[in-house]
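Listed below, chain by chain, are the residues.
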Amino acid sequence: MQDQTIIVHLYATSPTAACPQCGTAGSRVHSRYQRTIADVAFGGRKLVLKLLVRKWICAEASCSRHIFAERFPQLVQRYARMTDRLIKALQSAGVITNGADAAQIASSFGVPTTAKTIIRRVLQLPLPSEGSVRKVGIDEWAWKKGQYYGTILVDLEKRRIVQLLAERSVETSKVWLRQHPEIDLVSRDRGKLFREAATLGAPQAKQVIDRFHLQKNFAEALEKFFRQQERLLKKATRGSTGKARPAERPAVAEKVAQERRARHRQRVRLHKRIWKLYREGYYKEQIAQIVGVSSRSVYRALEQQAPPPPRRRSRSSSIVDPYLSYLASRWNQGCHNVARLYEEIVAQGYTGSRRTLEMRLRPFRPEATRPVSKQAVILDKPPSPRGVALMMVRPQHNRTKEQTAYLEQLVQSDETIAAVFKLAQDFGHLLRKREGQVRLEQWKAAVQASEIAELIAFVDGLAEDAQAVSNGCSLTWSNGIVEGFINKVKWIKRSSYGQAGFPLLQRRVLLHPASRSSHLLAHSASCSMRCSPARKVFSS
Ligand SMILES: [Zn+2]
């Protein structure tokens, strides 16, 4: 590019210039000098301005300035080596993408620069003003998962991120909330931290438990219940697909089991350590930092005094599973030839045998005419307790036909499970339709009457935060959009390859077009839902 530089010589034609000190026009030119200034590219070539600057003698005899250089405030700042518009262009690129990529893009447009320059320019940008906020959603975002968390504050009305805080603590959130006495509603999760911060920092505001978190906590309670029901889960699988689980080769199975036991021992150790610290009087937040897990994991561990039971085998442990989506789509295109499919996935890195593939594809066989989905295969094994819990809280139209068939089978197999299913559906409905406090009380009563310990524990847990929970079942405000923004923060953080410190991340997040426009947000939120099945469960 260097040899293709375009040089433009410029000089001012104004008859005189004003002294920056006293404002008097300069009387005569004292001398001239040249400034070299980089500008935005011209026709894909680097553009350099050679600006001839006049030095003037101030006409005001008493002025201490005597000599001054003329300035070009619309074009370039004093001492700057780049035009304002070039700086702006680099800053925009540096906000949208990371320094290295932005530098590469700029270079391809004829503005050779470095990642360091881009980052320095972005850091010079002032943070946008927070403005006034009435309804705020507050949540945490992982700076380093399991270790450092920050806080995100979202204006729920204007659908934009208002602020990103480097810390997650009662103190910082409280201080921030106090700066906004206009806040009349705080939407938050069920954690103690944000509850305390909202109570202290915005006592005037109504608090709302976010529906997303309520649904999630409820699904966790369901999962606990289903952990005790593995036999029934297995039985319903045979009922819905007419097949038993294929046996594993003993040697492989033993190795897998060993690893599983090792992971379980580790979980038990962690659980004991958390309880020990808790008994010693540490706060949950402190425990999270000491043992290096998220505070949610600590909350979960402290919900049960007994160490966690061994987890059952994961549903997606077959070597074929990573290729199931691909296989299902090929199958639907009409390719039912195992040898061919085998070759295709080997090319993608599959290391299993053809026989394994063939076994795994067996559930596709009866579906000669209708399209298949990877769930058809996965449900060949019993779903995990968590999987069943998620299936149950999901609204019906979000379940696959295999899941619907499985649930039907499961519900028919046992009266208690049928009751649990009804309670799960009612709760989901209650939250999605915001049926209000009366329905919530009725539902809580139905849970108490059900005598299902895990669900009763969930309902009892709601008591200490009753008003905010009830608001969550009545008001339209929720943290759904906050979740979308957290994904955005994650994405920006990842795209910076961890080189960026907090001030850069903060600028990239707050100045990013998608942090401000609800239109772009809707797009990014729908993306995150496609990527993450756990999210989809809770969308209404
Ligand atoms: Zn002067």
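Look up: the structure comes first, before these words.
Residues numbered from 1 in each chain as written. Predicted model: local features only at pLDDT ≥ 70, side-chain atom pairs only at ≥ 80, totals over all residues. Heavy atoms only, no water.

Q: Is there a simple way to explain the overall build of the protein chain in this structure?
A: From N to C terminus, the protein chain includes 24 helices and nine strands. Across the protein chain, the fraction of contacts at a sequence separation of at least 24, relative to all contacts at a separation of at least 6, is 65%. Working note: accessible area of the protein chain is about 28000 Å², and carbon and sulfur atoms make up 52% of it. (Helix = DSSP H or I, 4+ residues; strand = E, 2+ residues; numbered from the N terminus. Contact = heavy atoms within 4.5 Å. Areas by Shrake-Rupley, 256 points an atom, 1.4 Å probe, with all protein chains shown as cover.)

Q: Just checking my understanding: could you explain the coordination of the zinc ion for this structure?
A: Those donors, C19 (SG), C22 (SG), C58 (SG) and C63 (SG), are the protein atoms that reach the zinc ion, and they lie 2.3 to 2.4 Å from it. Taken together, the four donor atoms coordinating the zinc ion span angles of 95 to 116° at the metal, a pattern that classifies the geometry as tetrahedral. Binding-site remark: the zinc ion is held by donors from one chain whose sequence spacing is C-x2-C-x35-C-x4-C. Taken together, the positions of C19 in the loop between β1 (6–11) and β2 (26–42) and C58 in strand β3 (residues 45–58) put the pair 39 residues apart, joining distant regions of the chain. (Donors = N, O, S within 2.8 Å, 3.2 Å for Na, K, Ca; no water. Tetrahedral: all angles 85-135°; square planar, octahedral: opposite > 155°, others 65-115°.)

Q: Is there a simple way to think about helix α12 (residues 338–347) in this case?
A: Because an α-helix completes one turn every 3.6 residues, residues spaced three or four positions apart along the sequence face the same direction. What α12 keeps buried is the set V338, L341, E344 and I345. Taken around the axis of α12, the buried residues stretch over an arc of 125°, which confines them to a single face. Seen from the open side of α12, the exposed residues pointing more than 90 degrees away from its buried face are E343 and A347. Of the surrounding elements, those touching the buried residues of α12 are α11 (324–333) and α13 (354–361). One side-chain oxygen at the N-terminal end of α12 lies 2.9 Å from the backbone nitrogen of A339; it belongs to N337. Looking at the residues trailing α12, positive phi occurs at G349, about 115°. (Buried < 20%, exposed > 50% of the residue type's maximum accessible area, 1.4 Å probe, protein only. Arc of directions from axis to C-beta. Polar contact = N/O pair within 3.5 Å; in protein donor to acceptor, adjacent residues only side chain to side chain.)

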